[in-house]
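Residues per chain are reported as follows:
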Amino acid sequence: MGLAKRIIPCLDVTAGRVVKGVNFVGLRDAGDPIEIARRYDEQGADELTFLDITASSDERDIILHIIEEVANQVFIPLTVGGGVRSVDDVRRLLNAGADKVGINTAAVTTPQLVADASARFGSQCIVVAIDAKQVSAEGEPLLWHVFTHGGRRDTGLDAVAWAKKMESLGAGEILLTSMDRDGTKIGFNLDLTRAVSDAVSVPVIASGGVGNLDHLVDGVKKGHADAVLAASIFHYGEFTVRQAKEHMARNQIEVRL
Amino acid sequence: MKPRICIIDYGMGNTQSVGNAIQYLGVDYLISSRKEDILTSTALILPGVGAFAAAMDNLHRLELVDLLTDVVVGRGKPFLGICLGMQLLAKDSVELGLHSGLGWIEGHVIAFEPSHEVRIPHVGWNNCHIRKQEPLFRNLAEDAHFYFDHSFHLSCPHELVSATFDYGGHFVASVQKDNIFATQFHPEKSQRHGLRLLRNFLNFAASAPANTERENEPC
């Protein structure tokens, strides 16, 4: 036995509700975040990730209240991301009960934020979220770019090199989302996941595209991910977290049961 | 005396998460760095996330080093250190330069050796090899997983170690010495097994000599 591979349900939250879209658009309501968090905790989730996808800044405080409420009842690690722009944003989320904070767009616009936040709060609580999309054409060597602003803007940055840079600045984990796969349910982008996982020595969380339990197994075995994140398959009751873990255990992956 | 836990407030992280877990277990707590709160509580918990040097600086600035040493080492008040709160018990740490710790136990905080086998930080759920079941690991089995999140680890004499974990080698998961307990993992984030461990600590604290004796003292 040793360190278990983690299964992390992801809750995209806006205006106090959990939603889920396809390729970052077309949102569908999935329920109350606190109820959903409790359900996943009971099912044995290893961690919960909340992404605040609220567009307007005046609704930012809603996520703080949700995290406070969840942290009161659920005793597993909570990661919160979305709209984190400053060291003070990180502090407020940690104080509300987040154990780790995800930094995405701001890591691109202000890489120093990753260094400052990890120096202040420790690398172990700074997760850099990377939204990557394949930009190489068929037959060309594989290349993925980092996208920001909810996947609307191509930064021109090579996702693999970017992950290494974020590690060197103090990221304690990389949350890697394949934008091509997000919400499609056809499985992780395994080439991307493996390229990043093999390039960095911090843990990598694979995200984007899970549609069945074999996809989770592939993320670990073929993508070399340390944790797998999924939303739709859990939100709409297709599988429980427990079923996912049992499936991984049957495939010789160490999990916490 | 009704038990009350003082969670030491020194600006280093997740005091509220620890408080939430203690409250869930039905025990009163407060988050404080005030001397009278530290003196009158049944037990102390020192949580902590972040850098070692910053934590020691804060403890010094709040004049907590001598106070805590007197109350815990001198008078035997039950104490639980968590994560960074365990590492602070050591003589020193090499995190971002060499820094002195509380020195309550013979031990040093060092970095994991870089290796291709394991990723650093050590993040996630790992199980413990329990060396001393009582009192912290009572009713907990070897396959119980706990949540870890750290880049440095404590190296200390064998006899102080109550549990180890495997991560490309054996490392210290928890220590105990008389009334002093500490875990590298986060019991407050380790779901039912973590709550069980905290319950065990609270039970120990409730029956500790430092508390039962005080009941007989005149007020």
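Residues numbered from 1 in each chain as written. Chains lettered and ligands numbered in written order. Predicted model: local features only at pLDDT ≥ 70, side-chain atom pairs only at ≥ 80, totals over all residues. Heavy atoms only, no water.

## As for the overall build of chain A
So, point 1. Of regular secondary structure, chain A possesses 10 helices and 12 strands.
So, point 2. For 257 residues, the compact-globule estimate of 2.2 N^0.38 gives 18 Å, and chain A sits close to it at 17 Å.
So, point 3. Taking all 257 residues of chain A together, the buried fraction comes to 57%.
So, point 4. Considering only contacts in chain A between residues 6 or more positions apart, those separated by 24 or more positions represent 65%. (Helix = DSSP H or I, 4+ residues; strand = E, 2+ residues; numbered from the N terminus. Rg over C-alpha atoms; globule rule 2.2 N^0.38 Å. Buried < 20%, exposed > 50% of the residue type's maximum accessible area, 1.4 Å probe, protein only. Contact = heavy atoms within 4.5 Å.)

## Overview of the side chain of A:Asp226
So, point 1. With respect to the element layout, A:Asp226 can be found in the loop between helix H8 (213–221) and strand S12 (227–230).
So, point 2. Separated by 2.9 Å, the side chain of A:Asp226 and the backbone nitrogen of A:Val204 make a polar contact. (Polar contact = N/O pair within 3.5 Å; in protein donor to acceptor, adjacent residues only side chain to side chain.)

## Things to note about the packing of helix H1 (residues 33–43) of chain A against helix H2 (residues 61–73) of chain A
All names here are of chain A.
So, point 1. Where H1 meets H2, the closest approach of the two axes is 10 Å, and the angle between their N-to-C directions is 30°. Here H1 is positioned roughly parallel relative to H2, judged by the angle of their axes. For the pair H1 and H2, the crossing hand works out as right-handed. Packed against H1, whose contacting residues are Pro33, Ile34, Ala37 and Arg38, the element H2 presents Ile66, Glu69, Val70 and Gln73 at the interface.
So, point 2. Grouping the constituent residues of the contact of H1 with H2 by class yields five nonpolar, one polar and two charged. (Axes fitted to C-alpha atoms, helices over the stretch in contact; angles between N-to-C directions. Parallel < 35°, antiparallel > 145°, perpendicular 65-115°, else oblique. Left-handed = near helix turned anticlockwise from the far one by under 90°. Nonpolar A, V, L, I, M, F, W, Y, C, P; charged D, E, K, R; others polar.)

## Looking at the sheet that holds strand S2 (residues 28–32) of chain B
All names here are of chain B.
So, point 1. Here nine strands make up an open sheet; going across it, the order is S2-S1-S3-S4-S13-S12-S11-S8-S9 and the pairing mixed. In this open sheet, the two edge strands, each paired with only one partner strand, are S2 and strand S9 (145–150). On average, adjacent strands in this sheet sit at an angle of 30° to one another, irrespective of strand direction.
So, point 2. Relative to strand S13 (residues 180–183), strand S4 (residues 79–82) is paired through four bridges, and the arrangement is parallel. When the bridges of S13 are listed, Phe79 appears paired with Ile180.
So, point 3. Taken strand by strand, helix H1 (residues 15–24) contacts strand S1 (4–8), S2, strand S3 (43–46) and S4, and its axis lies near 170° from that of S2.
So, point 4. Contacting S1, S3, S4 and S13, helix H4 (residues 65–74) runs over the sheet at an angle of about 125° to S3. (Pairing = 2+ DSSP bridges.)

## So, the interface of chain B and chain A
So, point 1. Taken together, the contacts link 30 residues of chain B with 36 residues of chain A.
So, point 2. Buried surface at the junction of chain B and chain A, summed over both partners, amounts to about 2,700 Å²; 51% is from carbon and sulfur atoms.
So, point 3. Summed over the three residues of chain B that lose the most area to chain A, namely B:Arg119, B:Trp125 and B:Lys189, the buried surface amounts to 28% of that side.
So, point 4. Where chain B packs against chain A, one counts two salt bridges. (Buried area = accessible area lost by both parts, 1.4 Å probe. Salt bridge = Lys/Arg side-chain N within 4 Å of Asp/Glu carboxyl O.)

## Brief notes about the packing of helix H3 (residues 87–96) of chain A against helix H5 (residues 112–121) of chain A
All names here are of chain A.
So, point 1. Relative orientation of the contacting elements H3 and H5 amounts to 40°, with a least axis distance of 9 Å. Comparing their axes, H5 and H3 come out oblique. Here H3 and H5 pass one another in a crossing that is right-handed. Counting all contacts with H3, which are made through Val87, Val90, Arg91 and Leu94, the residues of H5 involved are Leu113, Asp116, Ala117, Arg120 and Phe121.

## A look at the pattern of salt bridges
Residues and elements named next belong to chain A.
So, point 1. The tally for this structure, following the rule as stated, stands at 23 salt bridges over all chains.
So, point 2. Between Asp46 and Arg256 there is a salt bridge, and its shortest N-O distance comes to 2.9 Å. Linking Asp46 in the loop between H1 and strand S4 (48–52) with Arg256 in the segment after helix H10 (241–250), this pair joins segments that are 210 residues apart in sequence. For the pair Asp46 and Arg256, one class covers both residues: buried.

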